[in-house]
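Single-letter residue listing:
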Amino acid sequence: MTINLNILSLAFILLLCFSCEDIIPEAPKESELLDGPIEGLSNAEQAQFLEGDIAFSDEVFFAGNGLGPLFVATSCGSCHAGDGKGHPFTTLTRFGQTQPDTPPDLSIGGPQLQNRAIPGHEPETIPEGVPFMKFTPPAVTGLGLLAALTDQQILDMADPADLDGDGISGVPNYVTPPDFFIPQWFHQSLNGKYIGRFGKKAAAIDLLQQTVGAYNQDIGVTSIFEPIDVSTGLTTDPEVSDQTIRDVVFYLRTLKTPIQRTPDASQVVQGKQLFSTIQCASCHIPEWTSPQSDIEALSNKTFYPYTDLLLHDMGPGLDDGATEGSAETYEWRTPPLWGLGLSPNSQGGEFFLLHDGRALSIEEAILLHGGEAQNSRDRFQELTESEKGAILKFLESL
Amino acid sequence: MNKLLLIITVFSFSLTAKAQIDSTLLKRVPVDTAAQKGMNMDAIYNRPFLQIGKLPVSVGGYVEADYQYIGEDGVTEGHTFRIPRMTLFVASSIHRRIKFLSEIEFEEGGDKVSIEFAALDFAFHPLLNLRGGIVMNPIGAFNQNHDGPKWEFVDRPIAMTEMLPATWSNVGFGFYGKHYADEWAFGYEAYLTNGFDNSIINNSENRTFLPATKQSSERFEESSNGEPLITGKVAVGNNKIGEIGLSYMGGIYNTYEEDGLVLDEKRRLDVFAIDFNSTLPLINTYIVGEWAWVKVDVPETFTQQYGDKQKGGFIDFVQPVLRGKLFGFNKATLNIAFRLEYVDWNVGIFKETGDKIGDNLWAVVPAISFRPVAQTVIRLNYRYMRQKDILGNPPASIGGIQFGVSSYF
């Protein structure tokens, strides 16, 4: 049988008509993604961002390269999928400090529970009766701009004595810095302590402290900065290099900020207005402007994280009986709300909100607010269903 | 240095070879996989060889090369050309009832060289043959019947290479045999070999990953725990219907003891697989598939990142659409084909939420293949995959074209 070559040739030519771009799957909208660099990085900065991205997203620790032996997660990306909020699967448990300004009780295994162990080892347990608090991993986008703010900008938002009488105070968490902390021009000390701005209790002063602590406490990996092995309490050889840590810190500093979806939709506009009206925006401060930074792309940028980076009394319902730094057990740092609507994309399709993921929807999270946020919560409840819906739409758009 | 000597030796044999195509090959109908008459267990010998003069030694091999343009969620690494593997076979008839075959694979341009198969076979009876050396563990069918030129797809099935560890071979001994009755054939294989090690739950893949053990060449020197891996398979074939096989592989995988000191509990691994192939009458559609279940004893206090159950498989449909003289080849065949594959590396639910664990992938691969001769294939695939992370977040979309050639030589 002789086959018609013309037909075959035509079919081949038709195949060539497809451009390469048509062949590969489309990229999701930029506003649907949390990962990616901030605009304006130089080529050298992009290269370091890439190195940090690989270490953060792809590097997996296992027994052969330093995991544990006690640990919570096996990689940075395990807790922060797509740089978004984490899942209860990698929830952290902190314990050992029950009063402000007291050191964690290391003799009982604090400050963090390593609830997993490599084969042949036994994981840690919390002694009976010791209070603890659970932390669902936060999103890590936009952290560089928050890190770039001056302490004075944060202090300007504080109102410890509630002088304006709005029922909202807001205090910084003053933290004893680790040995490797090098104050920058924008840090201010108070009796040798510095303002924490990262973590659920704002217990980490900068992203280096946050990163080093996560490697050590979450993955059980030692570094030159944190050489103590969490399982033995003894020093050991560094299991992650200085350069890798520097790259990861750079990556975290230069991750882009979340992009709001449908900001002009009428319901979103209405919700944004109501958000301020019922005083949610008193703590979830919408707008900040960064000062000059050593990374030009972070300098003098106006951004919208919806946080004041301060601690607030959130009421007895959210008091877990444990704490960090100078925070009271009932005080929590105002979490940034940017990227909130994208949380299900990194939390397995669901919402796990508030510090420990107990709220399974944005509305439930609002209704669990107490303490200084009680008035705002009550005012939310008094809104019509339509108005509530507008606020929720607005929050989902962030 | 050893690798270099190996290459020189094999090529020296090749230079003295006189081209003479094996009679098995001459019987091949040019549809490749659909035309196989032997059982999967015969695949290791059902290859074209070149006789080397009057020596009782024959050589052969195959090569694969491909191009791909694949992207994930709009991001691509661009155009990539690869030579995934070149494999050389050396077979020898030592006696009419004793034969030897070896398969040496050069992967990634020679960066990795491995002996995939090197075994002596002693035929005592059709139902009782002893095989010893480096043997292919008969789990599923693809592991034994994996030669690139036999398939219409550029990539090997993901479940068989990224969940099961194809190609998976170990040092060991065992028996195999066959019995024919009219159109029917029955075959069995049973081997004891070295097996897996701790790396299946201690690896950079961040998941239970049986192929991780392949990185350890120590398994050709000693067992990781002194416990043999048991692999067994039974298969039934009918010349008009097809073949179905059931296989099992299992044993202790971890180093639970070293120098007499107990390091951990004994932890088991068990794999079950079913494979089949058939050719539909009248339309000659060839269908081949395989599905496997993996069960691994992962310590309760470890992390659910490493799953204790896995499952996955593939099914291929190959439809010859044109046969005849084409581009100067008298018995050329043009096929259209379609592969559907699925892998779940972590079957289970999260302890924390009760939600289903993700870490799975499915793929569809439509293909066109052209076989100018039976032992050579030119293939064009479009691959589309959706892969979920462990949390079950919205899946990554991966897709692109793959073009490749593969041929026995």
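Values in this document were obtained by computation on a predicted structure and should not be read as measured data.

A. Examining the overall build of chain A more closely. Of the regular secondary structure elements, chain A holds 12 helices and 11 strands. Rg of the C-alpha trace for chain A: 23 Å, near the compact-globule value of 21 Å for 398 residues, within the 12% margin. C-alpha atoms of chain A, sized along the principal axes, occupy 90 × 55 × 40 Å. For chain A, with 398 residues in total, the buried portion stands at 53%.

B. Geometry of a negative patch on the surface. Residue and element names in this part refer to chain B. A contiguous patch of negative charge on the surface is contributed by Glu 218, Glu 221, Glu 222, Glu 258 and Asp 259. Among the structural elements, Asp 259 can be located in the loop between β11 (257-258) and β12 (261-262). According to the relative accessible area criterion, Asp 259 is exposed, its value standing at 75%.

C. Representation of helix α3 (residues 43-58) of chain A. All names here are of chain A. Along its 16 residues, α3 runs 21 Å from first to last C-alpha, staying within 8% of the 22 Å computed at 1.5 Å per residue. Among the residues of α3, Glu 45, Phe 49, Gly 52, Ala 55 and Phe 56 are the ones counted as buried. Take α3 and look down its axis: the buried residues cluster within an arc of 125°, on one side only. The outward face of α3, more than 90 degrees from its buried face, is lined by the exposed residues Asn 43 and Asp 58.

D. The pattern of salt bridges, seen in detail. All names here are of chain B. Under the criterion given, the structure shown has 34 salt bridges over all chains. For Arg 82, the salt bridge goes to Asp 155, with nearest N and O atoms at 3.2 Å. Here the residue Arg 82 occupies a position in strand β3 (residues 75-95), and Asp 155 occupies one in the loop between β6 (128-136) and α3 (158-163), the gap between them amounting to 73 residues. A relative accessible area of 30% places Arg 82 in the partly exposed class. In this structure, Glu 152 and Arg 371 form a salt bridge, with 2.8 Å as the shortest nitrogen-oxygen distance. Linking Glu 152 in the loop between β6 and α3 with Arg 371 in strand β17 (residues 360-371), this pair joins segments that are 219 residues apart in sequence.

E. Representation of the interface of chain B and chain A. At the interface, 47 residues of chain B touch 44 residues of chain A. Among the residues of chain B in contact with chain A, Thr 301, Phe 302 and Leu 391 of chain B are the three that bury the most area, contributing 17% of the side total. In this structure, the connection of chain B to chain A is made through 1 salt bridge. Glu 352 of chain B is paired through a salt bridge with Arg 116 of chain A; the nearest N and O atoms lie 3.1 Å apart. Seen at the junction of chain B and chain A, the total is 10 residue pairs in polar contact (both at pLDDT 80 or more). Mapped by element, the contributors of at least two residues to the side of chain B that touches chain A are β2 (57-72), β3, β15 (309-326), β18 (376-388) and β19 (396-408) of chain B.

F. Spatial organisation of the state of the cysteines. Residue and element names in this part refer to chain A. Using the criterion set out here, one finds 0 disulfides over all chains in the structure. No disulfide involves Cys 76; its nearest neighbouring cysteine sulfur is the one of Cys 79, lying 8.1 Å away. Between Cys 283, a cysteine without a disulfide, and Cys 280, which holds the nearest cysteine sulfur, the sulfur-to-sulfur distance is 8.8 Å. For Cys 283, a relative accessible area of 13% gives the class buried.

G. Representation of the packing of helix α7 (residues 207-219) of chain A against helix α8 (residues 242-254) of chain A within the structure. Residues and elements named next belong to chain A. As a packed pair, α7 and α8 sit with axes 10 Å apart at the nearest point and diverge in direction by 125°. Judged by the inter-axis angle, α7 sits oblique to α8. Of the two elements, α7 crosses α8, and the hand of that crossing is right-handed. Residue-level inspection shows Leu 207, Leu 208, Thr 211, Val 212 and Tyr 215 of α7 in contact with α8, the latter providing Thr 244, Ile 245, Arg 246, Val 248, Val 249, Leu 252 and Arg 253. Looking at the contact of α7 with α8 residue by residue, the classes come out as 8 nonpolar, 2 polar and 2 charged.

H. Structural view of the nonpolar core. Of all hydrophobic cores here, the largest spans 88 residues; its most connected members are Tyr 215 of chain A together with Phe 196 and Val 296 of chain B. A per-element tally of this core places α8 of chain A first, with 6 residues. Counting residues in hydrophobic clusters, the runner-up holds 23 residues, among them Ala 281, Ala 365, Leu 383 and Ala 390 of chain A.

I. Representation of the pairing of strand β14 (residues 286-296) of chain B within the structure. Residues and elements named next belong to chain B. A large share of β14 lies buried, amounting to 8 of its 11 residues. Summarising the sheet, strand β13 (residues 268-279) and β14 pair through 11 bridges and their orientation is antiparallel. Across the sheet, Ser 278 pairs through a bridge with Ile 287, a residue of β14. As consecutive antiparallel partners, β13 and β14 are separated by 6 residues, and within that stretch Leu 282 has a phi angle of approximately 70°, a positive value. Bridging between β14 and β15 involves 10 bridges; their strand directions are antiparallel. Directly across from Trp 293, in β15, lies its bridge partner Lys 311.

J. Region of the structure containing the sheet that holds strand β5 (residues 173-175) of chain A. Residue and element names in this part refer to chain A. The strand order across the open sheet built from 3 strands is β5-β7-β6, with neighbouring strands paired in antiparallel fashion. Of all strands in the sheet, those bounded by a partner on one side alone are β5 and β6 (189-190). Both β6 and strand β7 (residues 193-196) contribute to a ladder of 2 bridges, which runs antiparallel. Paired with Leu 190 across the two strands is Lys 193, which belongs to β7.

K. The arrangement of the pairing of β19 of chain B in detail. Residues and elements named next belong to chain B. The element β19 is largely enclosed, with a buried count of 10 among its 13 residues. Where β2 and β19 come together, 11 bridges link them in antiparallel fashion. Each residue of the ladder has a partner; that of Tyr 69, found in β19, is Ile 401.

L. Quick peek at the packing of aromatic side chains. All names here are of chain B. Applying the stated criterion to the full structure yields 27 aromatic pairs over all chains. Ring geometry for Phe 89 against Tyr 408: centres 6.4 Å apart, planes inclined by 55°, an arrangement best described as tilted. With Phe 89 in strand β3 and Tyr 408 in strand β19, this pair connects stretches of sequence that are 319 residues apart. According to the relative accessible area criterion, Tyr 408 is buried, its value standing at 5%. Between Trp 291 and Trp 293 the ring centres are 6.4 Å apart and the planes differ by 65°, which places this aromatic pair in the edge-to-face class. Assessed through its relative accessible area of 40%, Trp 293 is described here as partly exposed. Ring-pair connections join several aromatic residues into one group, and the members of that group are Phe 49, Tyr 62, Phe 89 and Tyr 408. Residue placement shows Lys 99 over the ring face of Tyr 45; its charged tip is 4.0 Å from the ring centre. Taking NZ or CZ as reference, Arg 207 lies 3.9 Å from the ring centre of Trp 345, over its face.

M. Expanded view of the confidence of the model for chain B. Of all residues in chain B, 91% have pLDDT values of 70 or greater, and the mean over the chain is 89. Across chain B, the element-wise mean pLDDT spans from 39 in helix α2 (residues 23-26) of chain B up to 98 in β14 of chain B.

Conventions adopted
- All chains use their own residue numbering, which begins from 1 and follows the written sequence.
- As they are written, the chains are lettered A onward and the ligands numbered 1 onward, keeping that order.
- The predicted nature of this model means local features are confined to residues of pLDDT at least 70 and side-chain atom pairs, given and counted, to a pLDDT of 80 or more, with totals for whole chains, interfaces and linings taken over all residues.
- Hydrogens and water molecules were not included; the side-chain quantities draw on all heavy atoms of the structure.
- The way it works is that DSSP assigns letters per residue, a run of H or I at least four long becomes a helix, a run of E at least two long becomes a strand, and they are numbered from the N terminus.
- Radius of gyration: C-alpha atoms only; globule rule: 2.2 Å multiplied by the number of residues to the exponent 0.38.
- Only protein chains enter the calculation, and the probe is 1.4 Å; a residue is then buried if its accessible area is under 20% of its type maximum, exposed if over 50%, and partly exposed in between.
- Residues enter patches when their relative accessible area tops 30% and they take part in no salt bridge; the joining distance is 9 Å for like charges and 5 Å for the nonpolar side chains Val, Leu, Ile, Met, Phe, Trp and Tyr.
- Where accessible areas are quoted, they stem from the Shrake-Rupley method and a 1.4 Å probe; at the residue level, only the protein chains shown are allowed to cover.
- Salt bridge, as used here: a side-chain nitrogen of Lys or Arg that lies within 4 Å of a carboxyl oxygen of Asp or Glu.
- We treat Lys and Arg as the positive residues and Asp and Glu as the negative residues; His and chain ends play no part in the count.
- To locate a charge, take NZ of a lysine, CZ of an arginine, CG of an aspartate or CD of a glutamate.
- Given the number of residues in a helix, its expected span is that number minus one, multiplied by 1.5 Å.
- To obtain the arc, one takes the directions from the helix axis to the C-beta atoms.
- Working rule for contacts: check all heavy atoms of both residues, and any pair within 4.5 Å makes them a contact.
- We define buried area as the total accessible area lost by two parts upon association, computed with a 1.4 Å probe and summed across both.
- Polar contact is defined as a pair of N or O atoms within 3.5 Å, subject to the rule that within protein one atom must be able to donate a hydrogen and the other to accept it, and that residues adjacent in sequence are counted only when both atoms are side-chain atoms.
- We call a pair of cysteine sulfur atoms a disulfide whenever their separation is within 2.5 Å.
- The convention used is that axes are lines fitted to C-alpha atoms, helices contributing only their stretch in contact, and that angles between N-to-C directions extend from 0 to 180 degrees.
- Should an angle fall under 35 degrees it is taken as roughly parallel, and over 145 as roughly antiparallel, whereas 65 to 115 is taken as roughly perpendicular and any remaining angle as oblique.
- Put simply, a crossing is left-handed when the front helix is turned counterclockwise from the back one by less than a right angle, and right-handed when it is turned clockwise.
- Lys, Arg, Asp and Glu make up the charged group, whereas Ala, Val, Leu, Ile, Met, Phe, Trp, Tyr, Cys and Pro make up the nonpolar group; the residues left over, Gly among them, are polar.
- Here, the term nonpolar core denotes a set of buried Ala, Val, Leu, Ile, Met, Phe, Trp, Tyr and Cys residues that are joined through side-chain atoms within 4.5 Å.
- Being paired, for any two strands, means DSSP has found at least two bridges between them.
- Geometry of aromatic contacts follows a simple scheme: Phe, Tyr and Trp rings, the Trp one being its six-membered ring, pair when their centres are within 6.5 Å, and the pair is stacked under 30 degrees between planes, edge-to-face over 60, tilted otherwise.
- Throughout this description, the term charge over a ring refers to an Arg CZ or Lys NZ atom that lies within 6 Å of the ring centre and within 35 degrees of the ring normal.
- Scored between 0 and 100, pLDDT is the confidence that the predictor attaches to each residue.

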